[in-house]
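# Summary of the model geometry
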Amino acid sequence: ETTLNHFSGSAFGGTILLGMALAFIPPAFAMVEVRMRVDKMKSLMRISGVRMNTYWAAAAFVDTLHYTFVAVMSIVILLAFQVESVMQPGAIVSLILLFIFYIPVNILLAYNLSFLFKKIESSESTLPNVFMWVSFLPFMVVATLDMTAHPEASKIVHYIFTILDPPYAVYG
C-alpha cells in the first residue's frame, strides 16, 4: 500500500532528470532565433515578403511540435516503466495538463530571452545554464522545505515559484 506522504528516491531522482531534460529544450529554440538574427535570415525573409507574424507563428508551431514529441515520449516512457508516482489516480492527467501549459509558456520565454543576445556564442553558453538553474534551484528549495517537516511552507513557496518562474513548473 502506498501513501502520498512518504519519500520516494526514485520519484525524486526521476523528477530531477526529467526536469533537466526538459529545461534544455527551450534554450535550443532561443539559440536558433539568435542565429537567425545574427545571420540576418529574418531580414532576408522580410525582404522576400514573409510577414513577421507569419514567421513567428510558424516558428512557434514547429518548436511546439518538437517539444510535444519529447513530452509525449516522456509520458510513454513513464507509463511503460510503471513509475509509481505517475500511477496514482489523476497523476497522468496532471502531467498532460502540465505539458499543455508548460510548453507554450517556455517557448515564448525562450523567444523573449533570445533578444538579450547579440552573439551566438554567448547565447549558447548562457541560456542552457539559465534555464537549468532557474528551474532547478527553486525545486531544491521546495524539496528541502518539504523534507524538513515544513509541508505548508513548501506548498506556498511552490505556488509562488509556479506562478513567477515558468521553467520551474516541470519540477513542481
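Above: the structure in question.
Scoring rules and cut-offs
- Residues numbered from 1 in each chain as written.
- Predicted model: local features only at pLDDT ≥ 70, side-chain atom pairs only at ≥ 80, totals over all residues.
- Heavy atoms only, no water.
- Helix = DSSP H or I, 4+ residues; strand = E, 2+ residues; numbered from the N terminus.
- Buried < 20%, exposed > 50% of the residue type's maximum accessible area, 1.4 Å probe, protein only.
- Areas by Shrake-Rupley, 256 points an atom, 1.4 Å probe, with all protein chains shown as cover.
- Phe/Tyr/Trp six-rings, centres within 6.5 Å; stacked < 30°, edge-to-face > 60°.
- Axes fitted to C-alpha atoms, helices over the stretch in contact; angles between N-to-C directions.
- Parallel < 35°, antiparallel > 145°, perpendicular 65-115°, else oblique.
- Left-handed = near helix turned anticlockwise from the far one by under 90°.
- Contact = heavy atoms within 4.5 Å.
- Nonpolar A, V, L, I, M, F, W, Y, C, P; charged D, E, K, R; others polar.
- Expected span 1.5 Å × (residues − 1).
- Bend = angle between axes of the 7 residues up to and from the residue.
- Salt bridge = Lys/Arg side-chain N within 4 Å of Asp/Glu carboxyl O.

## Let's talk about the overall build of the chain
- In terms of regular secondary structure, the chain is built from seven helices and zero strands.
- Secondary structure elements of the chain, listed N to C terminal, follow the sequence α-α-α-α-α-α-α.
- Once the C-alpha set of the chain is aligned to its principal axes, its extents read approximately 65 × 30 × 25 Å.
- Here the chain, with 172 residues, has 33% of them falling under the buried criterion.
- Element-wise, carbon and sulfur atoms account for 72% of the exposed surface of the chain, whose accessible area totals about 10,400 Å².

## Concerning the packing of aromatic side chains
- Per the stated rule, a full pass over the model turns up ten aromatic pairs.
- Aromatic rings pair up to connect Y55, W56, Y111 and F115 into one cluster.

## Observations regarding the packing of helix α2 (residues 25-38) against helix α4 (residues 52-80)
- Running from N to C, α2 and α4 cross one another at 150°; their axes reach a closest spacing of 11 Å. By the angle class used here, α2 and α4 are roughly antiparallel. Viewed along their axes, α2 and α4 form a crossing whose handedness is right-handed. Every residue of α4 that contacts α2 at I25, P26, F29, E33 and M36 is listed here: Y55, W56, A59, D63, H66, Y67 and V70.
- Looking at side-chain class alone, the contact of α2 with α4 contains nine nonpolar, one polar and two charged residues.

## Section: helix α5 (residues 91-114)
- The first and last C-alpha atoms of α5 sit 33 Å apart over 24 residues, in line with the 34 Å expected at 1.5 Å per residue.
- Where α5 bends most, at Y102, the angle is about 25°, and the proline P104 comes one to four residues later.
- Listing the buried residues of α5 in full gives L95, F99, Y102, I103, N106, I107, A110, Y111, L113 and S114.

## Let's talk about the pattern of salt bridges
- In this structure the tally under the stated criterion is two salt bridges.
- Notably, a salt bridge pairs E33 with K42, separated by 3.6 Å at the nearest N-O pair. Here the two residues E33 and K42 agree in accessibility, since each one is buried.
- With a closest N to O distance of 3.2 Å, E124 and R35 form a salt bridge. On the criterion of sequence distance, the pair formed by E124 in helix α6 (residues 120-147) and R35 in helix α2 is long-range, its members being 89 residues apart.

## A look at unusual backbone geometry
- Despite not being glycine, K40 has its phi angle at roughly 60°, a positive value.
- Secondary-structure assignment places K40 in the loop between α2 and α3 (41-47).
- Given a relative accessible area of 53%, K40 falls into the exposed group.

## Some remarks on the packing of α6 against helix α7 (residues 151-164)
- At a minimum axis separation of 7 Å, α6 and α7 run at an interaxial angle of 165°. With respect to each other, α6 and α7 are oriented roughly antiparallel. Considering the relative orientation of α6 and α7, their crossing is left-handed. Contacts from P138, V141, V142, L145 and D146 in α6 reach P151, A153, S154, V157, H158 and F161 in α7.
- Classifying every residue of the contact of α6 with α7 by side-chain character gives eight nonpolar, two polar and one charged.

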